[in-house]
Amino acid sequence: MSDKTELKNVIDNSLLHLYMNVANSGRFVTVPARNKIIKTFLTPKLKITKHRLVKSEVKKIVLAAKSKTGNLEGLLVKMSDTLGKGDQKDSTS
């Protein structure tokens, strides 16, 4: 599996985890709370050897969570869209 595919899987799984937690809460979840949910999901991924190809990218995402003005959900959605568009170009060639 390529590193782009692995990164796309990690990003998509973290977004799914976020959306499931928000749906289960039953109330409005603020951006800092969403950042915390994503950060707690991604932090253990740094220790898994399966994700060693994308460890540096995941570290950058986790570091962006420390910024009070950062919006990890928006960042992950943009990254997912970008990686998805790259996959479509690769499959058509």
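Residues numbered from 1 in each chain as written. Predicted model: local features only at pLDDT ≥ 70, side-chain atom pairs only at ≥ 80, totals over all residues. Heavy atoms only, no water.

Right, let's talk about the side chain of Arg34 for a bit. Note on placement: Arg34 falls in helix 2 (residues 31-42). Here the side chain of Arg34 touches Val29 through a polar contact of 3.1 Å, landing on its backbone oxygen. Aside from chain neighbours lying at most four places away, what touches Arg34 is Leu18, Val22, Val29 and Glu73. (Helix = DSSP H or I, 4+ residues; strand = E, 2+ residues; numbered from the N terminus. Polar contact = N/O pair within 3.5 Å; in protein donor to acceptor, adjacent residues only side chain to side chain. Contact = heavy atoms within 4.5 Å.)

Looking now at the packing of aromatic side chains. The description of an aromatic ring pair rests on the distance of the ring centres and on the angle between the ring planes. The tally for this structure, following the rule as stated, stands at zero aromatic pairs. When the ring centre of Phe41 is taken as origin, the NZ or CZ atom of Lys45, which lies over that ring, is 4.4 Å away. (Phe/Tyr/Trp six-rings, centres within 6.5 Å; stacked < 30°, edge-to-face > 60°. Lys NZ or Arg CZ within 6 Å of the ring centre and 35° of its normal.)

Okay, the confidence of the model for the chain next. Atom-level detail of predicted coordinates should not be read off regions where pLDDT is low. When the pLDDT values of the chain are averaged, the result is 85; 90% of them are 70 or greater. Highest mean pLDDT in the chain belongs to helix 1 (residues 3-25) (92); lowest belongs to helix 4 (residues 72-92) (79). (pLDDT = per-residue confidence, 0-100.)

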